[in-house]
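# Structure assessment
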Amino acid sequence: MKKRIQFGLVLAIVGSLTAVSPAFAAPYTGDPIVVGPDTGTWYWDDLSQLSMSNIFTDTWSDTGGDSNTWNSTNSALIGSDNTSYEALGCASAEMSVATDGSGDQILVCAPQIIDNGDGAVSVQVENRFFSASQTWRQRFIVTNNGTAAVHGQVLAVNYAARQGDSTALSYTSSAGPVGDWATEYDSVPDVNTTPADLTWVTDDRTGHEDAPVVKYAVGRLGSPVLLADDNTRGFVSGGQGRTEPLVSVNNNTNSYFELPPIAAGSTVEIITLARVFLFSSDITDVPPFDDGWQTATFNATQLAIADTGLESDAVVFAGVADRARVLNWTPTAVVPPVVEPVLATTGGDSASLAGFAGLAALAMVAGAGVLFARRRRTARNSVSN
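Throughout what follows, the structure given in this document is the object of discussion. Just so we're clear, the structure is a prediction, and the values are computed from it rather than from any experiment. (Residues numbered from 1 in each chain as written. Predicted model: local features only at pLDDT ≥ 70, side-chain atom pairs only at ≥ 80, totals over all residues. Heavy atoms only, no water.)

### Section: the packing of aromatic side chains
- Enumeration over the complete set of coordinates arrives at 18 aromatic pairs.
- With a centroid separation of 5.1 Å and an interplanar angle of 55 degrees, the aromatic rings of Phe279 and Trp293 are classed as tilted. One end of the pair, Phe279, is in the loop between β20 (267-277) and α3 (292-306); the other, Trp293, is in helix α3, and 14 residues separate them in sequence. Pair check on accessibility: Phe279 and Trp293 agree, each one buried.
- One aromatic cluster is present, formed by Trp42, Trp44, Trp70, Phe129, Trp136, Tyr159, Trp200 and Tyr216 through successive ring pairs.
- If you follow Arg128 out to its NZ or CZ, it ends over the ring of Phe130, 5.5 Å from the centre.
- One Lys or Arg, Arg205, reaches over the ring of Trp181 and ends 4.0 Å from the middle of that ring. (Phe/Tyr/Trp six-rings, centres within 6.5 Å; stacked < 30°, edge-to-face > 60°. Helix = DSSP H or I, 4+ residues; strand = E, 2+ residues; numbered from the N terminus. Buried < 20%, exposed > 50% of the residue type's maximum accessible area, 1.4 Å probe, protein only. Lys NZ or Arg CZ within 6 Å of the ring centre and 35° of its normal.)

### Here we look at unusual backbone geometry
- Here the bond from Pro287 into Pro288 is cis, since omega is 10 degrees, no more than 30 degrees from zero.
- Its location among the elements puts Pro288 in the loop between β20 and α3.
- Not every positive phi belongs to a glycine, and Leu50 is a case in point at roughly 55 degrees.
- Inspection of the secondary structure assignment puts Leu50 in the loop between β3 (41-46) and β4 (51-56).
- Of note, the phi angle at Asp210 is positive, near 50 degrees, even though the residue is not glycine.
- Within the secondary structure, Asp210 sits in the loop between β15 (199-203) and β16 (213-217).

### Observations concerning the pattern of salt bridges
- Tallied over the entire structure, the rule returns 12 salt bridges.
- Between Arg325 and Glu269 there is a salt bridge, with the nearest N and O atoms lying 3.8 Å from each other. Note that Arg325 is positioned in the loop between α4 (313-316) and β21 (377-378) and Glu269 in strand β20, a separation of 56 residues in sequence.
- What makes Arg325 partly exposed here is its relative accessible area of 22%.
- Residue Arg275 is joined to Asp307 by a salt bridge in which the shortest nitrogen-to-oxygen separation is 3.0 Å. Here Asp307 lies in the loop between α3 and α4 and Arg275 lies in strand β20, a separation of 32 residues in the sequence. Asp307 carries the same exposure label as Arg275, and that label is buried. (Salt bridge = Lys/Arg side-chain N within 4 Å of Asp/Glu carboxyl O.)

### Some points on the state of the cysteines
- This model, assessed by the stated rule, comprises one disulfide.
- Bridging Cys90 to Cys109, the disulfide has an S-S length of 2.0 Å. Since a negative S-S torsion denotes a left-handed disulfide, the Cys90-Cys109 link at about -100 degrees is left-handed. In this pair, Cys90 is assigned in the loop between β6 (84-87) and β7 (93-97) and Cys109 in strand β8 (residues 105-109), connecting sequence segments 19 residues apart. (Disulfide = S-S within 2.5 Å.)

### A look at α3
- With 15 residues, α3 extends 21 Å from end C-alpha to end C-alpha; this agrees with the ideal 21 Å at 1.5 Å per step.
- Along α3, the residues that are buried comprise Gly292, Trp293, Gln294, Thr295, Ala296, Thr297, Ala300, Thr301 and Ala304.
- Looking at the packing, one finds that the buried side of α3 touches α1 (58-62), β13 (168-172), α2 (181-184), β15, β16 and β20. (Expected span 1.5 Å × (residues − 1). Contact = heavy atoms within 4.5 Å.)

### Notes on the nonpolar core
- Trp42, Trp44, Trp70, Leu107 and Phe129 are the most contacted members of the largest nonpolar core, which has 57 residues in total.
- Among the elements that make up this core, the one with the highest residue count is β20 (five residues).
- Setting aside residues no more than four positions away along its own chain, Trp42 makes contact with Pro32, Ile33, Val35, Met52, Asn54, Ile55, Trp70, Phe129, Gln134, Thr135, Trp136 and Val276.
- The next biggest cluster of nonpolar side chains, apart from the first, holds 12 residues, and it includes Phe317, Ala318, Val320 and Val326. (Core = buried A, V, L, I, M, F, W, Y, C linked by side-chain atoms within 4.5 Å.)

### Focus on the sheet that holds strand β2 (residues 33-34)
- With antiparallel pairing, three strands are arranged side by side in an open sheet as β2-β3-β4. The outermost strands of the open sheet, each flanked by one partner alone, are β2 and β4. (Pairing = 2+ DSSP bridges.)

Put into structure tokens, the structure is as follows:
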């Protein structure tokens, strides 16, 4: 069986953030982020841990489907010894509106200096909230400002779905549509994501938590860095969905990215995305479905499966000046980079990211929620599926 370092019930946020630069003199403190039509409003579970809870709209809230999207979301960097790690946080941040006329809201976290025993790197995380759709993009920017290359770093990104062991997969990029909705609309398929799945769709068809449909995108085939499937180091990506017998981490997906050596003075990036498909369940059920919730969930999954915008260059690379640095997304065409004003103290885009940074990883303990404390800790490869 393949081992995974899982994001457990209690994980510590480790290390300290760097001093806040003048670019962050007017810090964003975690207020709900309102963007796009239908009063789309994003709510953090805990900004300091970069843990997202949900997005609500007027339609979603007013029709009964008003539960959260995630229990938590987290990210971290693991060192070359496979155990030392530091979680990514956001103790100070700056919010701005994209300069490209899109109306997107961009939250840039202050940089973090991380040294897992392999040499220090600087990490900065940009969170972009798209106006045209309920889309959240995280851009992890890693810079080595030292004099020697830093080897063996693994970025870990976790999404813990709200509906626990009732998290159903509607689609994966490796398998296509999952199951037969005509006969499986009231049960959760015995399927979960694997390292081959760069996009996938989840749903809450049984109404366990009235959670929405979500589509995830974590890379493009042909890119130099894709999801790790490294049993030797203990980093096997995937896990979201349901398996029998049930285990406590069914609602989690862990995306591990094994970064190449980061040369002195160089920067690399990883981008992950989630698009939430909210809907009204106040509709007439359509056979074979039993009620409006199942019917609306089915309709939303079909929209999510058909949607290709989440993986498009226009979304993946919005505001990204140097696309070649994004290791898990090879551009589909050579196009001029989008250049936005630079934050003088950090060297990044003012509407996207300031600096690029080294990333922190997570290790597994137990359970489904993820909490971080602010001190160095050693993780253990301890769960196998």
